[in-house]
Amino acid sequence: MRIRLAVCLLLALLYQPAALAASAERYEEQVIRVHATKREIDRSSPWQSEDTVQQDFLGVVLPSGAVLTTANAVTNAIYVELQRFGTTARGEAVVAFVDYEVNLALLKPTNAALLSGTKAVTLGDDLAMDDSVGIYKARDAYHLSRLSGSLQEVAVISAATSSYGLISYAIKVQQNGLGWSEPLFLQGKLIGLSSGQDQNFLQAVPIAVIRHFLNDHHDAGYRGFPAMGVQLEPLLSPDTRRLIGAKNIAGGVRVAEVQANSPFTALLRTNDVVVAMGNVALSEEGLVNHATWGKIHLKYLLNQHYGGDELKLKVVRQGTELTVQARLQRFDSNRVPVVSYRYEGPEPHLIFGGLVFQELSQDYLKQWGKDWREVGPSDLLFTMNFANKVTAQKSTRVIFLTRVLADPFNRGYTELRNRLVDTVNGHKITSLAGLREALDKPLQLQGQAYARIKFAPEGSEVILGLSGLEAAQARMARTYEIPTTGSFYQIPGARP
Amino acid sequence: MRHVRALYLVVSASFMLGRAEPAAALNLNALRSSIFKIQIVADEPSLTEPWKRLPSSHSSGTGFYIGDGRILTNAHVVANASFVTVLRDGDAAPIAARVRFIGHDCDLAVLEAVEPAGIKAIAKLEAMTFGSLPKLRSPVSTIGFPMGGDQLSITEGIVSRISYHRYIHHGNARHLLVQVDSAINPGNSGGPVVQGRQVIGVAFQTYTQAQSTGYIIPTPVVRRFLLDIGNGRYEGHPGDGLTTTDGALLNHSTAAFYGLNPDGGGVTVAHVNAWAPTSELVKPGDILLAIDGQPIGIDGKVSYSGERVDFRTIFDLKLMGDKAHFSLMRDGQPRTVDVPIKPSLPHHSTDLIYAKHPRYFVYAGLVFTVLSRNFLQTWGERWYREAPLLLRYLDNNAMYLQDFAANQDIIVLAKRLPDNVNAYIPNHVHRVLRSVDDQPISSMEALVAAFSQGTGEFVTIQFFGNLDQIVLDRSKAVARNAIINKTYGVEPDRWLKGATDDGAMHGSDGEGSH
């Protein structure tokens, strides 16, 4: 019986491709388990946190001794552990560096010995369409399972942890439950890290982005991935081309808007036609040719640059050709009034008389579940979609009333929630700091001080006298178990 | 299954009828000579290709005789009707009828026979008379033809609530309404609800999420409708155009800020729509303290026939030419204003439209139509989450937004009829029009004028919240217009009439619809 079993195993090994059997063994020395304990801020009660959760990801060992994983693994993480395959020993790690814009992070064990016996990965090259890759997920504490997939598409989409337009691999797979930073290997080399799964397609951060990230981090001073701050639109319509003087030129995209913070603000105008970025011609659809992937969105060109790089554009303005050049800035998803993400630190908020004010963020709206873009409060969604332009002032935020902590002090207003703040005491509110300053200047009427808070768009108001504010807030702090420092508004004289 | 359920409801009603007091049975016998079954053929306009009509549908309801050859029923029973007949209970031959007056806002309509003598010639026809607002907990009987049955049915219930509430036939319109704890089923609509021999309301809608919850239009609303049509045309309920913050004055410091006594009453005005008759006299920041001498509570309610209802009830029941007398506080000073009741200026409304066609215009294969609740409902039952965010947001909030507050219409690109002239334009279907040739467009008439009067080589069309404009060669667009319209059967290429042109007014002299 034993002999028969041994023969079967031997036959099974013989039928496996030799290279695969060897590489699977090697990958278990290159791949590390990442155990993250996360605690997200309770967006509706920002002075407290949600319950902690444990999530398991994977990472790969780099020659530097750091572990590369996706930023997904460390969002809202309060404690991270690393574990080698084949051992039960776990060790604490720190997030050495993270760039949420491109969904990548570097971890370092607090005890370097934890990674002894591991091997560093070798970075591979860009995949070609239909390339078959190995996707490695943890089967147990000792083994990786190899799943296979094939590259179906390379597209520019928003990174999983930000709103930055970034190239992403779409790998066709047969299995579910992927997207937890599983490494992708081809011929023994790393070619990507998974970042999410949408039905039968696994999204992955391509090796080109990983190389960019690692090269940048290796240099002194991380420069990051840049953006132009210019909205470019396809230029397919012959009538539009004639209108803006682009009839006789090939390709090119129309400048639809130059954002307030763009380095091209003084250089580009609406209806300019950008025909080339660097030396690469842009098609009228806004696509460029990639040697392996074919047509891809022009943002791919920006993905190859670093913040601070000079970018030269070939432009046609009403039939006249010109060249403009500017220094690119690192992209910042939160450089808009509605905050895109906040994975670290406390959720900014201010409680005045039980009225809870916060900065509007996508994180807040995501509380409405997977259909949040449909079922969230329409005032807030409208603001995010149609009133979220980059302003010259970086700190500009949309401030809104989340809810009211019911108390006799705010009687009459206890049912207010999700209301956009327009003005306070006559001052336009564009930040929590501005809200605090406006509250510092109460209206005076017959010897009494009042706060007058006006909401948009309908103009309804809350008017509260400041008399008794401190006692009421002390009562609320007890009732709702809110720390007395950091959350509540304090009148200027009472501040420490 | 549905059929079985309908039978059950009819049987239950008959059982209740059998148990009724002899006096009640006598009443029904006396009343049934005034009750009519109304059958209609209706054809609604298409919203996405608004020059078309949708396939006809058949339905039925109930009505009752109110004298002078007139039958009262619900507006929704005869909305979009192309053919109407009425059949008195117990008679054999239906009579061809027409809609003489229709008030979609209050869901009431008056029918007449097509032949002048038609209804009056019916033997032993007795006009029903109206009573007053019923008391809470008082019993009522609902008479009609539920579920389309041929046998008259009576169900009995109790008045459970009197409130100012939504009339769903008109979308968002609110009026005085009485809730009863008896079922009102399809086919009951338009039937009288009686106490003894007096009509105290008209059955019109139900709450499907609760059992045995029906709603009736009470006599103050019915009487207002009948008075309104007294001059030969229906002008409709007035729009107050007020956004108030009810309950704010519960807060004593807020009351003190306004110079009011704690718990004294009143509501704060947040916004006044520019199209409303109140706009010249009431201002944001005012505190409304009383209407027509009735104190307005902190909850925004007044005492009305012994019940507490929204203060708007008093305003809403006024006729054109009346005045609403408001006592208010402004800048710490008490004052009174008399708001003249008059029609609102043309404006985007969240009401449903029952016009023959929605307002539209087709240019170069681009179908522009007005944003309406009907258009939003083309996204299905869950339109309020599945329709594009911009459309559903503007439908409710346009009045507050600087870009749209003064608009008569909010214009949507409903469809592109593909043609060489528009082949390369950006896909802006379901986007909201902002301007043509950079000139803001606030009405369908202005859109037609902008297209027809422009002179430049190009027509440019800009949309709200989008930087990618449509550019068309003007001469090519003009040249292709007729060809595109012929290809796609667009006839006529525009409909600029308002909600006063109602499809139900066939056979009438065209007067009297709202």
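Scoring rules and cut-offs
Residues numbered from 1 in each chain as written. Chains lettered and ligands numbered in written order. Predicted model: local features only at pLDDT ≥ 70, side-chain atom pairs only at ≥ 80, totals over all residues. Helix = DSSP H or I, 4+ residues; strand = E, 2+ residues; numbered from the N terminus. Rg over C-alpha atoms; globule rule 2.2 N^0.38 Å. Buried ≥ 20, exposed ≤ 12 C-beta atoms within 10 Å, placed from the backbone. Contact = placed C-beta atoms within 7 Å. Domains from an automatic or database assignment. Nonpolar A, V, L, I, M, F, W, Y, C, P; charged D, E, K, R; others polar. Axes fitted to C-alpha atoms, helices over the stretch in contact; angles between N-to-C directions. Parallel < 35°, antiparallel > 145°, perpendicular 65-115°, else oblique. Left-handed = near helix turned anticlockwise from the far one by under 90°. Pairing = 2+ DSSP bridges. Core = buried A, V, L, I, M, F, W, Y, C linked by C-beta atoms within 7 Å. Expected span 1.5 Å × (residues − 1). pLDDT = per-residue confidence, 0-100.

(A) Up close: the overall build of chain B. The helix and strand inventory of chain B stands at 11 helices and 29 strands. For a compact globule of 514 residues, the expected C-alpha radius of gyration is about 24 Å, and chain B comes in at 25 Å, within 12% of that figure. Here the C-alpha coordinates of chain B stretch approximately 80 × 65 × 45 Å along the principal axes. Taking all 514 residues of chain B together, the buried fraction comes to 47%. Contacts in chain B between residues far apart in sequence, at least 24 positions, make up 63% of those at least 6 positions apart.

(B) Quick peek at the overall build of chain A. Counting its regular elements, chain A contains 10 helices and 30 strands. For chain A, the spread of C-alpha atoms along the three principal axes comes to 100 × 70 × 40 Å. Partitioning the intrachain contacts of chain A with sequence separation of at least 6 by distance along the chain shows that 61% fall at a separation of at least 24.

(C) Layout of the domain arrangement of chain A. Per the domain assignment, the segments making up chain A are domain 1 (18–115), domain 2 (132–218), domain 3 (227–330) and domain 4 (349–494). Relative to domain 4 of chain A, the C-alpha centre of domain 3 of chain A lies at a distance of 41 Å.

(D) Layout of the interface of chain A and chain B. Taken together, the contact pairs 32 residues of chain A with 33 residues of chain B. If you list the elements that add at least two residues to the side of chain A that touches chain B, you get β14 (230–233), α4 (238–243), β15 (253–258), α7 (372–375), α8 (378–386), β29 (448–456) and β30 (461–465) of chain A. When residues in the side of chain A that touches chain B are grouped by element, the largest group, five residues, is from α8 of chain A. Here the residues of the side of chain A that touches chain B sort into 14 nonpolar, 11 polar and seven charged.

(E) Molecular detail of the packing of α8 of chain A against helix α9 (residues 389–397) of chain B. Their axes nearest at 10 Å, the elements α8 of chain A and α9 of chain B cross at an angle of 125°. The angle between α8 of chain A and α9 of chain B falls in the class oblique. The interaxial crossing formed by α8 of chain A with α9 of chain B has left-handed handedness. Where α8 of chain A approaches α9 of chain B, its residues Ser-378, Leu-381, Phe-382, Asn-385 and Phe-386 of chain A are matched on the opposing element by Leu-389, Leu-390, Arg-392 and Tyr-393 of chain B.

(F) Up close: the pairing of strand β2 (residues 57–67) of chain B. Residues and elements named next belong to chain B. Across eight bridges, the pairing between strand β1 (residues 35–42) and β2 is antiparallel. Bridging from a neighbouring strand, Lys-37 pairs with Thr-62 of β2. The antiparallel hairpin formed by β2 and strand β3 (residues 70–73) contains two residues in its connecting segment, where Asp-68 sits at a positive phi of about 60°.

(G) Representation of the domain arrangement of chain B. All names here are of chain B. As assigned here, chain B comprises domain 1 (2–231), domain 2 (242–340) and domain 3 (360–495). For domain 1 versus domain 2, the distance between C-alpha centres works out to 34 Å. In this assembly, 10 residues from domain 1 lie in contact with nine residues from domain 2. Every element with two or more residues in the side of domain 1 that touches domain 2 is listed here: β9 (153–166), β10 (174–180) and α4 (219–228). Among the elements that take part in the side of domain 1 that touches domain 2, α4 stands out by supplying four residues, more than any other. Of the residues in the side of domain 1 that touches domain 2, the class split is six nonpolar, two polar and two charged.

(H) Looking closely at the sheet that holds strand β27 (residues 458–463) of chain B. All names here are of chain B. What the four strands build is an open sheet, ordered β26-β25-β27-β28; its pairing is antiparallel. The sheet terminates laterally at β26 (439–440) and β28 (470–473), the two strands that pair on one side only. Packed onto the sheet, helix α11 (residues 474–488) meets β27 and β28 and runs at close to 75° relative to β28.

(I) Examining the nonpolar core more closely. Val-274 and Val-421 of chain A together with Phe-368 of chain B are the most contacted members of the largest nonpolar core, which has 203 residues in total. Ignoring anything within four residues of it in the chain, the contact list for Phe-368 of chain B reads Tyr-360, Phe-361, Ile-411, Leu-413, Ala-414, Leu-433 and Leu-447 of chain B.

(J) Spotlight on α11 of chain B. Residues and elements named next belong to chain B. Helix length check: α11 (15 residues) gives 20 Å between terminal C-alpha atoms against 21 Å at 1.5 Å per residue, within 8%. Among the residues of α11, those classed as buried are Ala-477, Arg-480 and Ile-484. Looking at the buried residues of α11, the elements they touch are β22 (360–363), β27 and β28. Once α11 ends, the next one or two residues include Gly-489, with phi positive near 70°.

(K) Representation of the sheet that holds strand β3 (residues 67–69) of chain A within the structure. Residues and elements named next belong to chain A. Read once around its circumference, the closed barrel built from six strands follows the order β1-β2-β3-β6-β5-β4, with strand pairing classed as antiparallel. Direction aside, the axes of adjacent strands within the sheet are offset by 40° on average. Looking at chain direction, strand β4 (residues 77–84) and strand β5 (residues 90–99) are connected through four bridges and run antiparallel. Following the sheet pairing, Glu-81 is matched in β5 by Glu-92. Contacts from helix α3 (residues 207–218) reach β3, β5 and β6 (104–109) within the one sheet, and its direction differs from that of β6 by about 55°.

(L) Expanded view of the environment of Ala-220 of chain A. You can see Ala-220 of chain A is positioned in the loop between α3 and β13 (226–227). On the basis of neighbour counts, which here come to 5 C-beta atoms within 10 Å, the residue Ala-220 of chain A falls in the exposed class.

(M) Inspection of unusual backbone geometry at higher detail. The linkage connecting Ala-456 of chain A with the following residue, Pro-457 of chain A, adopts the cis geometry, with an omega of 0°. On the secondary structure map, Pro-457 of chain A appears in the loop between β29 and β30. In this structure, Pro-492 of chain B follows Glu-491 of chain B across a cis peptide bond, with omega equal to 0°. Tracing the chain through its elements places Pro-492 of chain B in the loop between α11 and β29 (494–495).

(N) Fine view of the confidence of the model for chain B. All names here are of chain B. Mean pLDDT over chain B works out to 88, with 91% of the residues at or above the 70 mark. Confidence drops under a pLDDT of 50 for residues 1–26, and excluding neighbours within four residues, the segment shows 16 contacts in the predicted structure. Residue range residues 503–514 is modelled with pLDDT below 50. Its contacts to residues more than four positions away, or to other chains, number 37 contacts. Note on the complex model: pTM 0.90, ipTM 0.89.

(O) Inspection of the pairing of strand β24 (residues 355–359) of chain A at higher detail. Residues and elements named next belong to chain A. For β24, the tally of buried residues reaches five of five residues, placing the bulk of the element in the interior. Here β24 shows no split at all, with Leu-355, Phe-357 and Glu-359 on one side and Val-356 and Gln-358 on the other all buried. With four bridges joining them, strand β23 (residues 349–352) and β24 adopt antiparallel strand pairing. Pairing of His-349 across the sheet is with Gln-358, part of β24. From the end of β23 to the start of β24, which pair antiparallel, there are two residues, and Gly-353 there has a positive phi angle of about 55°.

(P) The arrangement of the confidence of the model for chain A in detail. Residues with a pLDDT of 70 or more make up 94% of chain A, whose mean pLDDT is 92. Counting interchain partners and residues more than four positions distant, the pLDDT-below-50 stretch residues 1–25 of chain A has six contacts.

(Q) Inspection of the environment of Thr-254 of chain B at higher detail. The topology assignment puts Thr-254 of chain B in helix α5 (residues 252–257). Residue class for Thr-254 of chain B comes out buried when judged on the 27 C-beta atoms lying within 10 Å of it. Sequence separation between Thr-254 of chain B and Pro-50 of chain B is 204 residues; the distance between their C-alpha atoms is 50 Å. For Thr-254 of chain B, the contacting residues outside a window of four places in its chain are Gly-412 and Ile-463 of chain A together with Ala-248 and Leu-249 of chain B.

(R) Structural context of the environment of Arg-241 of chain A. All names here are of chain A. Position of Arg-241 among the secondary structure elements: in helix α4. Judged by C-beta crowding, with 20 C-beta atoms within 10 Å, Arg-241 ranks as buried. Distance in space between the C-alpha atoms of Arg-241 and Ala-472 is 64 Å, their sequence separation being 231 residues. Arg-241 has contacts with Leu-235, Ala-246 and Lys-247, leaving out every residue within four places of it along the chain.

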